[in-house]
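What follows is each chain in one-letter form.
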Amino acid sequence: MLIQPGVYRNRNAAGLLRGGTKQVTGILTGTRFFRLRKAIRVSQRQEDGVWICDCAALGIHAYGETKAESWKGFIDIFECDWDSIAGEKDSRLTRGAQALKRKYLDLVQAVEPIL
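Residues numbered from 1 in each chain as written. Predicted model: local features only at pLDDT ≥ 70, side-chain atom pairs only at ≥ 80, totals over all residues. Heavy atoms only, no water.

*Asks:* Describe the environment of Tyr104, and please don't skip the residues or the numbers.
*Replies:* By the element assignment, Tyr104 lies in helix α2 (residues 95-107). C-alpha of Tyr104 to C-alpha of Trp82: the two residues are 22 residues apart in sequence and 7.0 Å apart in space. Those residues within four positions of Tyr104 in sequence are excluded, and the remaining contacts are Leu58, Ile60, Ile77, Phe78, Asp81 and Trp82. (Helix = DSSP H or I, 4+ residues; strand = E, 2+ residues; numbered from the N terminus. Contact = heavy atoms within 4.5 Å.)

*Asks:* Requested: an account of the environment of Leu115, with residues and values cited.
*Replies:* Mapping Leu115 onto the fold places it in the segment after β7 (108-113). On the basis of relative accessibility, which here comes to 99%, the residue Leu115 falls in the exposed class. Spatially, the C-alpha atom of Leu115 lies 8.6 Å from that of Arg32, the residues being 83 residues apart in sequence. (Buried < 20%, exposed > 50% of the residue type's maximum accessible area, 1.4 Å probe, protein only.)

*Asks:* Tell me about the nonpolar core, residues and numbers included.
*Replies:* General note: in soluble globular proteins, nonpolar side chains tend to be found buried as a group. Of all hydrophobic cores here, the largest spans 24 residues; its most connected members are Ile40, Val42, Leu58, Phe74 and Phe78. At the level of secondary structure, the elements contributing two or more residues to this core comprise β3 (20-28), β4 (32-47), β5 (50-55), β6 (60-64), α1 (67-86) and α2. With 7 residues, the single largest contributor to this core is α1. Setting aside its immediate chain neighbours within four residues, Phe78 contacts Ile27, Phe34, Leu36, Leu58, Ile60, Tyr104, Leu107 and Val108. (Core = buried A, V, L, I, M, F, W, Y, C linked by side-chain atoms within 4.5 Å.)

Pasting the structure below:
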């Protein structure tokens, strides 16, 4: 499944609007496409009227009033983590941030600009 703000693509669109776990293989932002080496599991659910997207492997927890807002939050957090951690020198990062950096570098196969 490829995710981008407001649009969700899946080879099998059945169940796309239900909660559950999605296997995400790429993330499309407004300016870049993050091609992943392997799919990540992102769970989505609604609790007390709030939609939540969680990725335990990356420690991402995004919230929104709608499903689309929670996915947008997920994308924003992913991109922000990449920008602030993945390219940073280890000496400038805490041990936790260094571990997260390794996860992102192992996960992301390529970052391609969107023209």
